[in-house]
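Structural characterization, general
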2 protein chains.
Amino acid sequence: MRKFNANYVFLFYDVGEKRVNKVFKICKKYLYPYQNSVFRGPITPSQLLILRAELSKKIDNEHDFISIITFKNQLDFNEEIIGSKKENNSEDLFL
Amino acid sequence: MRKFNANYVFLFYDVGEKRVNKVFKICKKYLYPYQNSVFRGPITPSQLLILRAELSKKIDNEHDFISIITFKNQLDFNEEIIGSKKENNSEDLFL
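First things first, this report covers the structure right here in the doc. Predicted, not measured: the structure shown is a model, and the values here were computed from it. (Residues numbered from 1 in each chain as written. Chains lettered and ligands numbered in written order. Predicted model: local features only at pLDDT ≥ 70, side-chain atom pairs only at ≥ 80, totals over all residues. Heavy atoms only, no water.)

With respect to the sheet that holds strand 2 (residues 32-35) of chain A
In spatial order, the strands read 2(A)-3(A)-1(A)-4(A)-5(B); together these 5 strands make up an open sheet with antiparallel pairing. Of all the strands in the sheet, just strand 2 of chain A together with strand 5 (78-83) of chain B have a single pairing partner and so form its edges. With direction set aside, neighbouring strand axes in the sheet form an average angle of 25°. Examined bridge by bridge, strand 1 (residues 8-14) of chain A and strand 4 (residues 65-71) of chain A share 7 bridges and lie antiparallel to one another. Residue Phe12(A) lies in a different strand from strand 4 of chain A, and its bridge partner there is Ser67(A). Strands strand 1 and strand 4 of chain A together with strand 5 of chain B of the sheet are contacted by helix 2 (residues 45-58) of chain A, whose axis makes an angle of about 25° with strand 5 of chain B. (Pairing = 2+ DSSP bridges. Helix = DSSP H or I, 4+ residues; strand = E, 2+ residues; numbered from the N terminus. Axes fitted to C-alpha atoms, helices over the stretch in contact; angles between N-to-C directions. Contact = heavy atoms within 4.5 Å.)

Section: the interface of chain B and chain A
Listed as interface residues are 40 residues of chain B and, on the opposing side, 40 residues of chain A. Buried surface at the junction of chain B and chain A, summed over both partners, amounts to about 4000 Å²; 50% is from carbon and sulfur atoms. When residues of chain B are sorted by the area they lose upon contact with chain A, Asn78(B), Glu80(B) and Ile82(B) head the list and together hold 21% of the total. In this structure, Glu80(B) engages Arg52(A) in a salt bridge whose closest nitrogen and oxygen atoms are separated by 2.2 Å. The interface formed by chain B and chain A includes 20 residue pairs in polar contact (both at pLDDT 80 or more). Put simply, the parts of the chain that give the side of chain B that touches chain A at least two residues each are strand 1 (8-14), strand 2 (32-35), helix 2 (45-58), strand 4 (65-71) and strand 5 of chain B. Top element by residues in the side of chain B that touches chain A is strand 4 of chain B. It accounts for 7 residues. Split by residue class, the side of chain B that touches chain A holds 19 nonpolar, 11 polar and 10 charged. Relative to strand 4 of chain B, strand 5 (residues 78-83) of chain A is paired through 6 bridges, and the arrangement is antiparallel. Residue pairing in the sheet places Ile82(A) in a bridge with Ile66(B) of strand 4 of chain B. (Buried area = accessible area lost by both parts, 1.4 Å probe. Salt bridge = Lys/Arg side-chain N within 4 Å of Asp/Glu carboxyl O. Polar contact = N/O pair within 3.5 Å; in protein donor to acceptor, adjacent residues only side chain to side chain. Nonpolar A, V, L, I, M, F, W, Y, C, P; charged D, E, K, R; others polar.)

By themselves, these observations are geometric and do not establish any function.
The following block contains the structure:
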């Protein structure tokens, strides 16, 4: 793995029902809800540290799983969409 | 968006219940199931074209949503895991 300062992330989670809301609320402080159990967005390295610490405290390490894919910036990936995005229940997404 | 030949992808989908199995089966031909409604893996540009065409034929464009995040290679992102991955119901994952 190359070492770099992450500035953009995709985060997806698979957590127990009792913890889904807590995880959603924590993620929403730093990232945008993109799809069910998927968040994304620009983030600073220090915010990422705080986000990770908050999530680690809330989840059940044996039964829950969170994957955070980090990039230097948005130029390091492309995105292709098939179909159409459902209107999100939260405020408009800034992509 | 920079133009490059994708060789690694993350794919996540949010599709109607009637089409979930079909989408899962198509994705599994080219990628590895990583988490519920998330696939990942190395892929050639031509395989990606075929995968996209097959998915486009199967989904309901108005109600379903598939996002394919593409990279030049695995060095363009890092991954952080919190918690533990559930053993997948399919064969062992080669990551």
